[in-house]
Amino acid sequence: MKPGRLAFRLFPLFLYIAGALWLLPGLQLNNSLERWLARDSEALSQYADFLDSFGSDALLLLSREVDTSEAGTQAFEEELKVVKDFEHVLDISPWPPPYVQHKVKPTAGYRTALIRFRPESHLNPNRMELLEGIDSIMAQTGRDYYLAGTGVVGRAINEQTQRDASQFLVIGFILLLAGLVYLVRDALAILQVFSVALAAIATLVYASVLLEVPISMAHTVIPVLILFYSTSTAMHVLAHGGNYREILAPSLWVAGTTILGFSAFLVSRIPLLQDFALLGISGMVGVVLASLWVFFPRVYPYPGNRFTRSFGKIKRPLRKYMAMAVLALFAITAPGVGMLRSEIHSLSLLDRSEKAYQDHLKTLETVGPYFPLEYTVSESVPRKELSAWARAVFELPEVGAMASFHRIPPMADLFGLGLRSRKEPDQYRITFFIPLLSTEEGKALAGRIETLGHDFFETNRPQIKGFMPVYSGMSDDLLKAFHNGMLLGFSIIFLMMILYLRNWKLILPTLVVNVVPIGAMLGAMGWLGIRLDMITIPLGCLLLGIVVDDTIHFMHAYRKHRDVDAALRYAGPGIVLTTVIITMGFSVLMASGAPPIHYFGLLSTSAILLALACDLFLLPELLRKVYPSQGTSRDPAKK
């Protein structure tokens, strides 16, 4: 190989990567509500109507340690005057206000203020500049303070998204370099692999900035996936001596199945899942083009290493028993699929050490629950029944406080307090303050309150409004997206296998070995009570597009050599190497302090390892069953 040949390939690639670095500051982070809701959601329309009628439900609770002296109290009030002058702040009052009935006695030594502000929009109530201004003022006091309410968790999720994406990539690059040095042991080959990986990541940056796709917490797994997926593609090439021409056909089929796995979410009604698909497809296109540019047809004749040269000598005793063990594991775990549930809890996205998470716990301890659960009631409802119902709801263990129009003095401005509708003056508002619950917990509480409504009212019962119906509906929308994505994903993979193999005796075994790891993983989630949430929803479709890759490489070798053992010797090194690389990548996610991302890494790693066992043990045994006379001169793909 002439040295200038590889340099010619790499130089424009480095320019491409440099352009992505220049665009990097243009990346936008956005974990707002509007990304997770279907644009035609009825609950969302009702929420917007509620806000138009009663005004903003955006609030902050600021608790600060103060001296018991008059000077300490006065200092806190002066700080609040500065906050009140901030743009978008509507009013500030002590918590609890006189019209709020509450259970938790405020903690001694702390003062709490209720800050109401004007949100940016119905779907994005966060005001990051307001939070930053409050933090700046409180930091100067040197006293402990806790900030909770609208936008606090959202801001923390944005910050963690940026931090996690950076940390995952740094850890990933370190692991990748260590793995390549150990497995490849060739400087030029490692340079090729890294060039492809960096170019693929650069393509993600170009797609995010140029297509204006903001990054959210759910997208933090994509850069790690693309980083290690591009490396696994390169490892297949190196396992064949750097000859990309030899495995070009299966490599393109493999990339196509992964791209189609991502594309299952393009038809989703949820914008964030559509963006997930766009970023994933863009990254995969970058992998394909960068691999072709760096490796095709054989830019550098990689001499191989000890592992790839000796793989064919490894014997697999008890292969039949290993295949039976894989099927037994599937039989045990698969029934758990029926127990899969969708559940969302915003706090679960945060590392437990995050200040926002700790502030939430301290606020609960200091002043009690603060998340608003809204109801509206008609003026025609008798006050006696209304008071009895409100008292019964207030006594529920989850409810910590209540603000109701019927407890306000007659001369009070109910419109100004947001307790009477501007659009329908005969409609009034009752707010119960509850902890920040998961969607399932919120549905259960709303169901119990509805039951109480039937106990106290024959007609004109209070109606649940505000954010809770939207929040609860998110999990239902995500579950529908999961079912639709899995159905579409399996259909696409099924069609791809028909087009590629064109032989039912080959198609059916390949479908079995790809259903087993995905079914076992989803079943394990059901048995273990791991919920489908904002992060794990794409897991099934995404892994389906990945685990089929090694199956295609094996079947390519089987069609070529007409023999199971020969196919294992030919494709085995690449299959094992790529599995090692991919599992290294997903294992990075297990270091996350956010449980959903940790589970994403754990589940995906387990599924990919099980898929390897299926390809090495189960698939050969199934092929022996359908073609017991293997090794003859007839090509089973053409029979």
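Residues numbered from 1 in each chain as written. Predicted model: local features only at pLDDT ≥ 70, side-chain atom pairs only at ≥ 80, totals over all residues. Heavy atoms only, no water.

A.B. asks: I'm lost on the packing of helix H18 (residues 564–589) against helix H19 (residues 595–626) in this one. Help?
C.D. replies: In a packed pair of helices, the relevant descriptors are the angle between the two axes and the axis-to-axis distance. Two elements in contact, H18 and H19, have axes whose closest approach is 8 Å; the angle formed by their N-to-C orientations is 175°. When the interaxial angle is binned, H18 and H19 end up roughly antiparallel. Taken together, the residues of the contact of H18 with H19 sort by class into 15 nonpolar, 7 polar and 2 charged. (Axes fitted to C-alpha atoms, helices over the stretch in contact; angles between N-to-C directions. Helix = DSSP H or I, 4+ residues; strand = E, 2+ residues; numbered from the N terminus. Parallel < 35°, antiparallel > 145°, perpendicular 65-115°, else oblique. Nonpolar A, V, L, I, M, F, W, Y, C, P; charged D, E, K, R; others polar.)

A.B. asks: Would you mind going over the pattern of salt bridges with me for this structure?
C.D. replies: Opposite charge on two side chains allows them to pair when their charged atoms are near. Scanning the model with the defined rule gives 16 salt bridges in all. A salt bridge links Lys 81 to Glu 78; the shortest N-O distance between them is 3.5 Å. Taken together, the residues Lys 81 and Glu 78, both in helix H3 (residues 70–84) and 3 residues apart, mark about one turn of the helix. Residue Glu 374 pairs with Arg 429 through a salt bridge whose shortest N-O separation is 2.8 Å. Taken together, the residues Glu 374 in strand E6 (residues 371–378) and Arg 429 in strand E8 (residues 427–434) connect sequence positions 55 residues apart. Each member of the pair, Glu 374 together with Arg 429, is buried. Through salt bridges with shared partners, one network takes in Glu 440, Lys 443 and Asp 476. (Salt bridge = Lys/Arg side-chain N within 4 Å of Asp/Glu carboxyl O. Buried < 20%, exposed > 50% of the residue type's maximum accessible area, 1.4 Å probe, protein only.)

A.B. asks: I'm lost on the packing of aromatic side chains in this one. Help?
C.D. replies: All chains considered together, the criterion is met by 21 aromatic pairs. Look at Trp 95 and Phe 433: their rings are 5.3 Å apart centre to centre, the planes differ by 85°, and that puts the pair in the edge-to-face class. On the criterion of sequence distance, the pair formed by Trp 95 in the loop between strand E2 (89–94) and strand E3 (100–102) and Phe 433 in strand E8 is long-range, its members being 338 residues apart. Judged by centre distance (6.3 Å) and plane angle (80°), the rings of Phe 265 and Phe 276 are edge-to-face. Of this pair, Phe 265 sits in the loop between helix H8 (248–263) and helix H9 (271–295) while Phe 276 sits in helix H9; the two residues are 11 residues apart in sequence, bridging distant segments of the chain. Neither residue differs from the other here; Phe 265 and Phe 276 are each classed as buried. Taken together, the aromatic side chains of Tyr 47, Phe 371, Phe 467 and Tyr 471 make up a single cluster linked through ring pairs. Taking NZ or CZ as reference, Arg 9 lies 5.6 Å from the ring centre of Trp 293, over its face. (Phe/Tyr/Trp six-rings, centres within 6.5 Å; stacked < 30°, edge-to-face > 60°. Lys NZ or Arg CZ within 6 Å of the ring centre and 35° of its normal.)

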